[in-house]
Amino acid sequence: MQTRSYTEIPRVDAYDKVRGTATYGTDNNPAGLTHGAFTTATIGKGRIAAMDLSAAKAVDGVRLIVTHEQTGTLKPARFIMQHGFAFQSYSPVLTPQVAYRGQPVALVVADTLEAAIDAASRILITYEEVPFASALNSKGAEAVPQTEAATAWPIEDIVVGDAEAAYSAAPVKVDGTYTMSQQHQNPMELIGTVAAWDGDHLTVYEGTQSAGACKFGLAEQLGVSADNITVISPYIGGGFGQKNTMQSQQVLTAFAARELGRPVKVVVPRRQVFHDSSFRPATRQRVRLSADSTGRFTAAIYDVDAQTSMHDFFQSEHADTAARHYGYGAFRSFARLVRTDTPTPGYMRAPFEHATAFAIESAVDELAYELEMDPVQIRLLNDTETDIVSGLPHSSRHVSKCLSRGAEMFGWERRTPAPQSMLAENGDLIGMGVAIGLYAGAGGPNRATIRATREGVIEISLGVHEMGQGIRTAIANVVARHLNVAPESVTAILGDTRSGVPQMLTAGSWGSASSIPAAEAACEALRNALDALGTNAPEGSSPAEILTLAGRSELSVNAATFAPGQNKEALGEIDTGHVAPTGPMYPDFVTYSYAAHFVEVRIESTTRRIRIPRVVSMFDCGRVLSPRTARSQAIGGVVWGVGGALREAGEVDERYGGVLNADIAEYLVPVNADIGSIDVGFIDEPDPMVNRSGIKGLGEVVLAGVAPAITNAVYHATGIRARHLPVRIEDLI
Amino acid sequence: MQPISYARPASLASAISTLAAGGASTRVLAGGTTLYDLMKLDVEQPERIVDINNLGELAAFDTSGDELVFGALARMSDVSADARLTNEFPALSEALWKAASQQLRNMASLGGNLLQRTRCAYFRHGAPFACNKRSPGSGCAAIEGLNRGHALFGGSDACIATYPGDFAVALVAFDAQIDIAGPDGERTIPLSALHRQPGDNPRHDTILLPEEIIVRIRVPADIVGRASTYHKIRDRESYAFAVVSAAAAVRFEAGVVADARLALGGVATVPWRAREAERSLLGKPLTPETARAAGELAFTDAATRQHDAFKVELGANVVRDALLIASGRF
């Protein structure tokens, strides 16, 4: 267990990134490269009756047009939650089917990108269209109780005590329904693939959060051995869950490259990314929350309808987090999945927790006003030592500390409780809001190989991906401490299936929690191996000094670690491209990361513009490995929360399906002018049980709870309770 | 691939003759910020492009005289930073710097900005959306669709696409004129006559002929400009089109309004001068109440639809705030 806090070091790959020397997936241009572009479906649902390719073929430079008529040998993708490798089970262009507007229906490959785009626009398609339901509230969108949805890992509704009885008997209660629009990740780096065959060996350059899934999933779809596939993804230009499994274009790009005998690059344009990748599902949540007269919660009843696709059940884990926000006396959840004619929704940063926190933390605020209690006090009062669902203890839960420290940093005591009671000099309404957020403390297996040389090189290979979160910096900081070397001397080989260690999906805030323990174990194994050289080197000698004394040029060792409750079977999963996370329920305890957010809003009384001059957020993520990148990730999460609360909505015209505002001019995310001061802090106490490094996740909890802290502040400012996200001007007029 | 012929004439006369020879599928390229965008979307599919960036005489602007003169090729960023504009016509400066992003303003020309086409998603994104402006006779998907950003004024059964620009809104408030060069020389029209309401023919946004180029914008350097503002309310604090905007200017004599200018953006098919609201203020002191009443008047005839009814109340307050900001500068 690490007892000391880590010191701050600069981001180790910052120079490479800002100078453009870091090579991202589709930066690669193998010799003989050709370029692909998709033709996409213009109908909401149906099938292709006929395709006329003649005009497209006539375009100068066109080499290949892939339609469903050529792809018969390809196997469909399998959905990750059915133990597959892809974000959905539906594979466009493998059949004449159209499952949703905007899906690819043909891939044109040409000598130039311009020719490919032009030819793709010249394919004429006759469709047979059928009725469709493109949004949560659309006619024909079928709601299926989650317990009846066939999935590989069924999720039960949660029942703790008799929540209905406790709720109806309670003296104070609230009943609110909270809705959220669908939202779309927009990483700067678009989805894209470069596929190059050398004989029967395929090399794929791709920005992916799971090089392992791509390797094994492509093998399955193409019908080749995974041994013949290399996937290289050393940097990702933002993933946020959108790139956490195989995407539609991968198998088609690899197929086209094989057919042509030349490398093919496909970069999916922004507009198509909106239409053919996963997204945060629209949700409708109902929360009934009750308390006794002292403010102690007696029951929470939580119902959620979450959007899924027609072809997959994207499971709702909303209730799992909802049940852990507080020590409710009783709890009952009921989840339904609403099937729509869309791509399968997916794991957009804090995929469930962002929505759940909005509903639960809004309800808590409403109840606090019913009780005339301070919103911080009611949260402190209802904190819990044990997990109400399992009865197990929390390995660590410092949410009350986050609330207390955050309140102090923010100056919460200056808040007067009544709505519309705080006015700025210019007449703006001032509102102050608080909310907490939770995210499961997951973990998983990881393999590591570490190599030290006499020249002072430390090279470590791990099964984790650098997505901008700064994992290379965290690894360098940890390895440097453990081996008593400078962080600059540590090179991390990540996201590369040639490294010899399996490249597990980096998602679910388990990247550090699964890979850092393996890095530590590898450092320890290296230390032991160096000791075994018998050099009697002085205490604190570096590996290079010991190797020099021993007359050795280098030394390499392996290590593997598991999360609590896991065994070798979990390694078998990641060795074959699957995921093997565990948590937050471990055999003897439950682990979550926590956030407390404090937000000040200023609302112009006439135009009702909402501005956010300042946010204070405090996090319990266990031990902080890299203070600088952790702070950066936290600030980024708060910014995302501002977007999630006030800006982001995928707009669906149900007559057409698809997304109307499918570009980042019209799909609004915050700009610099939207962001005031953001102060973040960390409890930085190691979790004593979840792993040897004392770390819980950070990347997602930073977002959880920002939105309700904002809407609670809006209520405080205006007396208007916003129960739909995003909140816009019209909601306050 | 559709071949495009590209010309970069060295003189205005040559540019005009190239345009005249090219016909309707010829487009003028200035800053390119709208044209290239719409070409990527296949909404614009020109066969010939006439790049006017060599016409240096169109790039100058002069704000020192009795008339503000802006060459059509002057860049938005340069003009917005002009000291006299900032001091004596803040509405014009603000309308420029509250538009787009710094990168776009560095590229975009004033003439091109006047001609910016609507942001209506059904117009921009092609099939399968019905759009009479893009594809005459196909219908208007917006009227029964997601019309939060559409026009409350100047629409028709065929089209309710909003004119998206800011600068033109401020300019019409100050009675700007534009000089248009064509094969027969120059003609001058009020800027308010440039844009067309859609009526039953939404295809053409303006009365500009294919062989014509806007060469300059002229604005009387009226004292009314000093107490002015361009108040732009949008869904985020920068880089967004107006939900509602108002260009407002006031001049007082003996404590009452002697001249008032008011134009609305984000809510009409063309830059929308609210003359009745202007007149309602004359002879009165400007108070929050009289300003609000003018705002209500400005939105009296608004044709609201499913998603934009809030703009009547919002708009009245935007006008109110704009007038008060402007009067604070008197």
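Here the residue numbering is sequential within each chain, running from 1 through the sequence in written order. Key to labels: chains lettered from A, ligands numbered from 1, both in the order written. Under the rules for a predicted model, residues below a pLDDT of 70 receive no local features and side-chain atom pairs below 80 are neither given nor counted, while totals for whole chains, interfaces and linings still include all residues.

As annotated in an unreviewed UniProt entry, chain A is Aerobic-type carbon monoxide dehydrogenase, large subunit CoxL/CutL-like protein from Roseovarius mucosus DSM 17069.

### Some words on the overall build of chain B
As a reminder of what qualifies: We count a stretch as a helix when DSSP gives it H or I for four or more residues in a row; a strand needs E for two or more, and each element gets its number in order from the N terminus. Two things to know: the radius of gyration comes from C-alpha atoms, and the globule rule equals 2.2 Å times the number of residues to the power 0.38. Each residue is classified by how many other C-beta atoms fall within 10 Å of its C-beta atom, where C-beta atoms are placed from the backbone; a count of 20 or more means buried, 12 or fewer means exposed, and values in between mean partly exposed. C-beta atoms are first placed from the backbone for all residues, and any pair lying within 7 Å is then listed as a contact.
Summing up its helical and strand segments, chain B has 12 helices and 12 strands in all. In terms of overall dimensions, chain B is globule-like: its C-alpha atoms have a radius of gyration of 19 Å, near the 20 Å expected for 330 residues. Viewed in the frame of its principal axes, chain B has a C-alpha envelope of about 60 × 50 × 35 Å. Of all 330 residues assigned to chain B, the portion counted as buried reaches 53%. Considering only contacts within chain B whose residues lie at least 6 apart along the sequence, 64% involve residues at least 24 apart.

### Some thoughts on the domain arrangement of chain B
Formally: Domain extents, as shown, originate in an automatic or database domain assignment.
In terms of domain boundaries, chain B breaks down into domain 1 (5-54) and domain 2 (224-327). Spacing between the C-alpha centres of domain 1 of chain B and domain 2 of chain B amounts to 36 Å.

### Considering the domain arrangement of chain A
Interfaces are often sized by the amount of accessible area the parts lose when they come together. Residue and element names in this part refer to chain A. As assigned here, chain A comprises domain 1 (25-131 + 188-238 + 243-275), domain 2 (142-183 + 279-441 + 587-732) and domain 3 (442-575). Contacts between domain 1 and domain 3 engage 16 residues on the former and 16 residues on the latter. Put simply, the parts of the chain that give the side of domain 1 that touches domain 3 at least two residues each are helix 5 (211-222) and strand 12 (229-232). Here the element with the most residues in the side of domain 1 that touches domain 3 is helix 5; it accounts for 4 residues.

### Overview of the sheet that holds strand 21 (residues 554-561) of chain A
All names here are of chain A. For the record, the criterion: Following DSSP output, two strands are said to pair if at least two bridges run between them. Only the stretch in contact is used when fitting a helix axis, every axis being a line fitted to C-alpha atoms; angles between N-to-C directions are given from 0 to 180 degrees.
Taken together, 4 strands build an open sheet; the order of strands is 20-19-18-21 and the sheet is mixed. Sheet topology places strand 20 (490-493) and strand 21 at the edges, where each strand pairs with a single neighbour. Neighbour-to-neighbour, the strand axes of this sheet turn through a mean angle of 15°, independent of strand direction. Strands strand 19 (458-462) and strand 20 of the sheet are contacted by helix 12 (residues 471-483), whose axis makes an angle of about 130° with strand 20. Helix 13 (residues 511-531) rests against strand 18 (446-453), strand 19 and strand 21 of the sheet, and its axis sits at about 140° to strand 21.

### Quick word on the interface of chain A and chain B
For clarity, the threshold we go by: Nonpolar residues are Ala, Val, Leu, Ile, Met, Phe, Trp, Tyr, Cys and Pro. Charged residues are Asp, Glu, Lys and Arg, and all others, Gly as well, are polar.
Listed as interface residues are 27 residues of chain A and, on the opposing side, 23 residues of chain B. Residues that form the side of chain A that touches chain B fall into these classes: 11 nonpolar, 5 polar and 11 charged.

### Regarding the sheet that holds strand 5 (residues 104-110) of chain A
All names here are of chain A. Strand order in the open sheet formed by 7 strands is 3-5-1-13-10-11-12, and the pairing between neighbours is mixed. Of all the strands in the sheet, the pair left with one neighbour each is strand 3 (62-66) and strand 12. Put simply, the sheet's adjacent strands are angled 20° from each other on average, direction ignored. Two elements, strand 10 (residues 192-198) and strand 11 (residues 201-206), share 6 bridges in a ladder whose sense is antiparallel. Considered in strand 11, the bridge of Ala196 is made with Thr203. Lying on the sheet, helix 3 (residues 113-121) is in contact with strand 1 (34-40), strand 3 and strand 5; it crosses strand 1 at an angle near 20°. Against the sheet, helix 6 (residues 248-260) contacts strand 1, strand 3, strand 5, strand 10, strand 11 and strand 13 (264-267), and its axis sits at roughly 30° relative to strand 10.

### As for the UniProt feature "domain: Aldehyde oxidase/xanthine dehydrogenase a/b hammerhead" (unreviewed entry) in chain A
Applied cut-off: UniProt positions are given in the numbering used here, feature names are shortened, and annotations may be inferred rather than shown by experiment.
Cross-referencing UniProt, the feature "domain: Aldehyde oxidase/xanthine dehydrogenase a/b hammerhead" (unreviewed entry) maps to residues 19-131 of chain A in the present numbering. End C-alpha atoms of residues 19-131 of chain A are separated by 50 Å, and the span's content is 12% helix alongside 30% strand.

### Here's the deal with helix 11 (residues 288-298) of chain B
Residue and element names in this part refer to chain B. We count it as follows: In this context, the arc is that of the directions from the helix axis out to the C-beta atoms.
Inspection of helix 11 places Ala291, Ala294, Gly295 and Ala298 among the buried residues, and these make up the whole buried set. Angularly, the buried residues of helix 11 cover 100° about the axis, an arc narrow enough to put them on a single face. Where helix 11 is buried, its residues meet strand 11 (256-265), helix 10 (275-281) and helix 12 (310-327).

### Observations regarding the environment of Pro171 of chain A
All names here are of chain A. Structurally, the position occupied by Pro171 is in the loop between helix 4 (163-169) and strand 9 (172-180). Overall, Pro171 belongs to the exposed group, with 11 C-beta atoms counted inside 10 Å. Filtering out sequence-adjacent residues up to four positions away, Pro171 remains in contact with Asp292 and Ser293.

### Side note on the packing of helix 5 of chain A against helix 6 of chain A
All names here are of chain A. Put simply, the rule is: Put simply, angles under 35 degrees are roughly parallel, angles over 145 are roughly antiparallel, angles from 65 to 115 are roughly perpendicular, and the rest are oblique. Here is the rule for handedness: rotate from the far helix to the near one, and if that takes an anticlockwise turn smaller than a right angle the crossing is left-handed, while a clockwise turn gives right-handed.
Between helix 5 and helix 6, whose axes approach to 10 Å, the crossing angle comes to 60°. As summarised for this structure, helix 5 and helix 6 are arranged oblique, according to the angle between their axes. For helix 5 against helix 6, the interelement crossing comes out right-handed. Contacts between helix 5 and helix 6 pair Cys214, Leu218, Gln221 and Leu222 from the former with Gln250, Val251, Ala254 and Phe255 from the latter. Considered class by class, the residues forming the contact of helix 5 with helix 6 number 6 nonpolar, 2 polar and no charged.

### Notes on the pairing of strand 2 (residues 26-29) of chain B
On any regular strand, side chains alternate: one points to one face of the sheet, the next to the other face. Residues and elements named next belong to chain B. The condition that has to hold: Whether a crossover is right-handed depends on one test, that the path from the first strand over the helix to the second runs clockwise when the strands point away from the viewer.
In terms of strand pairing, strand 2 meets strand 3 (residues 48-51) through 4 bridges, oriented parallel. When the sheet's bridge partners are listed, Arg27 is paired in strand 3 with Ile49. Between the parallel elements strand 2 and strand 3, the chain passes through helix 2 (residues 35-40) in a crossover that is right-handed.

### Here we look at the nonpolar core
Filter applied, for reference: Structurally, a nonpolar core is described as a collection of buried Ala, Val, Leu, Ile, Met, Phe, Trp, Tyr and Cys residues joined by way of C-beta atoms within 7 Å.
Core analysis: the biggest nonpolar cluster contains 347 residues, and Val108 and Ile710 of chain A have the highest contact counts within it. Apart from the residues within four sequence positions on either side, Ile710 of chain A is in contact with Gly433, Val599, Val601, Ile612, Val642, Ala645 and Leu646 of chain A.

### As for the packing of helix 11 of chain B against helix 12 of chain B
To characterise two packed helices, one gives the angle between the axes of the helices and the distance between these axes. Residue and element names in this part refer to chain B. Running from N to C, helix 11 and helix 12 cross one another at 135°; their axes reach a closest spacing of 7 Å. Judged by the angle between their axes, helix 11 and helix 12 are oblique. The handedness of the crossing between helix 11 and helix 12 comes out as right-handed. Packed against helix 11, whose contacting residues are Pro288, Ala291, Arg292, Ala294, Gly295, Glu296 and Ala298, the element helix 12 presents Gly315, Ala316, Asn317, Val319, Arg320, Leu323 and Leu324 at the interface.

### Description of the environment of Asn54 of chain B
Residues and elements named next belong to chain B. Structurally, Asn54 is set in the loop between strand 3 and strand 4 (61-62). In this structure, the C-alpha to C-alpha distance between Asn54 and Gly155, residues 101 residues apart in sequence, is 38 Å. The residues contacting Asn54, other than those within four sequence positions of it, are Arg8, Pro9 and Ala10.

### What to know about unusual backbone geometry
Of note, the amide linkage connecting Gly583 of chain A to Pro584 of chain A takes the cis form, showing an omega dihedral of 5°. Mapped onto the elements of the fold, Pro584 of chain A is located in the loop between helix 15 (568-575) and strand 22 (592-603). Between Leu725 of chain A and the following residue, Pro726 of chain A, the backbone shows a cis peptide bond with an omega angle of 0°. Take Pro726 of chain A: it is sitting in the segment after strand 25 (724-725). Here the phi dihedral of Ala350 of chain A falls at roughly 50°; this positive angle occurs in a residue that is not glycine. Looking at where Ala350 of chain A falls in the secondary structure, it is placed in the loop between strand 16 (331-340) and helix 9 (353-371). Ala350 of chain A gets classed as buried once you count the C-beta atoms within 10 Å, which come to 32. Non-glycine residue Ala254 of chain B carries a positive phi angle of around 50°.

### Topic: the confidence of the model for chain B
Reading predicted coordinates in detail is not appropriate for stretches of low pLDDT. Under the convention used in this document: The predictor attaches a confidence to each residue, and that confidence, scored 0 to 100, is pLDDT.
With 100% of its residues at a pLDDT of 70 or more, chain B has an overall mean of 97. Per the prediction output, this complex has pTM 0.98; the corresponding ipTM is 0.96.

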